[in-house]
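Each chain is listed here by its residues.
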Amino acid sequence: MKNAAALSGRQPVTGPVAGAPVSAGSAATDLSTRDRVTQLLLERGATTAAQLGSALGLSPAAIRRHLDAMLVEGDVTAREQTVRGSRGRGRPAKVFVLTDAARGRCGTHHYDNIATAALRWIARNSGSKAVEAFAADQVAALEDRCRAAMEDAGDDPLARAEALAGALTAEGYAASASTIASGGQLCQHHCPVAHVAAEFPQLCEAETTVISRLVGTHVQRLATIAHGDGVCTTHIPAQPGRAQSGRTVTTVRTDR
């Protein structure tokens, strides 16, 4: 496997001399900064070193040092940035993405094994329809809480998607909403049940149905963390005859 310096496209960063003492304060600061890097990658998905450094107020050398350490520790991976449309000269920038292991530590996955075993038992003894019913029942309480939080959102699907993103973030999904040319997107950068949903997509399907009801229109799930994508992305089609809002247009990567 390529080393961290090769993956980042930078010259190796010289670290402390072997055996040299490292202060407890310095080590604690490094861990705190890496926690902030992890949170940003969780919320934004694939991000360049320059974008991370700018958001955290770190110099290029400082952010490279943290990313190189996280690459070595297996917390992030690096790949070339996908550029849509015409591209200028030069190699594409590198983007950094959390690994599954790092993403798993951001949420609570302590009961994944028993949850998966329970769903296997339901499927084996009662069939797939019973799994669907269980999934719908599990998201019912989430739907009620989100609906209460969206009480003042109005009827516009995009405004409701924005309110839903806030409600889902409060539930631990690190969600965001944005306007795009074809309507809107709701992105969830964390999924508490991703490991279970990888085997039982009925959980994702039940969640998509809830999103559709809460937004008030048909939606289309484009990508899910459970299927290996970086972000759960739901498309909200533009409404015929309804003018687009003035919200900022953003692009969210969903490929691995």
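Use the structure listed above.
Residues numbered from 1 in each chain as written. Predicted model: local features only at pLDDT ≥ 70, side-chain atom pairs only at ≥ 80, totals over all residues. Heavy atoms only, no water.

Q: Can you walk me through the sheet that holds strand 1 (residues 47-48) in this structure?
A: In a beta sheet, neighbouring strands are held together by backbone hydrogen bonds and run either parallel or antiparallel to one another. If you trace the three strands from one edge of the open sheet to the other, you get 1-3-2, paired in antiparallel fashion. Looking at the sheet topology across the chains shown, the edges are occupied by strand 1 and strand 2 (76-80). Taken together, the five bridges between strand 2 and strand 3 (residues 94-98) define a ladder with antiparallel strand orientation. In the strand pairing of strand 3, A78 is matched with F96. Lying on the sheet, helix 4 (residues 60-72) is in contact with strand 2 and strand 3; it crosses strand 2 at an angle near 110°. (Pairing = 2+ DSSP bridges. Helix = DSSP H or I, 4+ residues; strand = E, 2+ residues; numbered from the N terminus. Contact = heavy atoms within 4.5 Å. Axes fitted to C-alpha atoms, helices over the stretch in contact; angles between N-to-C directions.)

Q: Which parts of the structure should I look at to understand the sheet that holds strand 5 (residues 183-188)?
A: Taken in spatial order, the four strands line up as 4-5-7-6 in an open sheet, and their pairing is antiparallel. Strand pairing shows two members of the sheet lacking a second neighbour, strand 4 (175-180) and strand 6 (220-223), which therefore form its edges. The sheet shows a mean angle of 25° between the axes of neighbouring strands, direction not considered. Pairing analysis gives six bridges linking strand 5 to strand 7 (residues 232-237), with the strands arranged antiparallel. Bridge assignment links Q185 to a residue of strand 7, and that residue is H235.

Q: When you look at the state of the cysteines in this model, what are you seeing that I'm missing?
A: Counted according to the given criterion, the structure contains zero disulfides. Of all cysteine sulfurs, the one in C232 lies closest to C187, which takes part in no disulfide; the gap is 9.2 Å. As a non-bridged cysteine, C232 has C191 as the owner of its nearest cysteine sulfur, 5.1 Å distant. C232 gets classed as buried once you look at its relative accessible area, which sits at 3%. (Disulfide = S-S within 2.5 Å. Buried < 20%, exposed > 50% of the residue type's maximum accessible area, 1.4 Å probe, protein only.)

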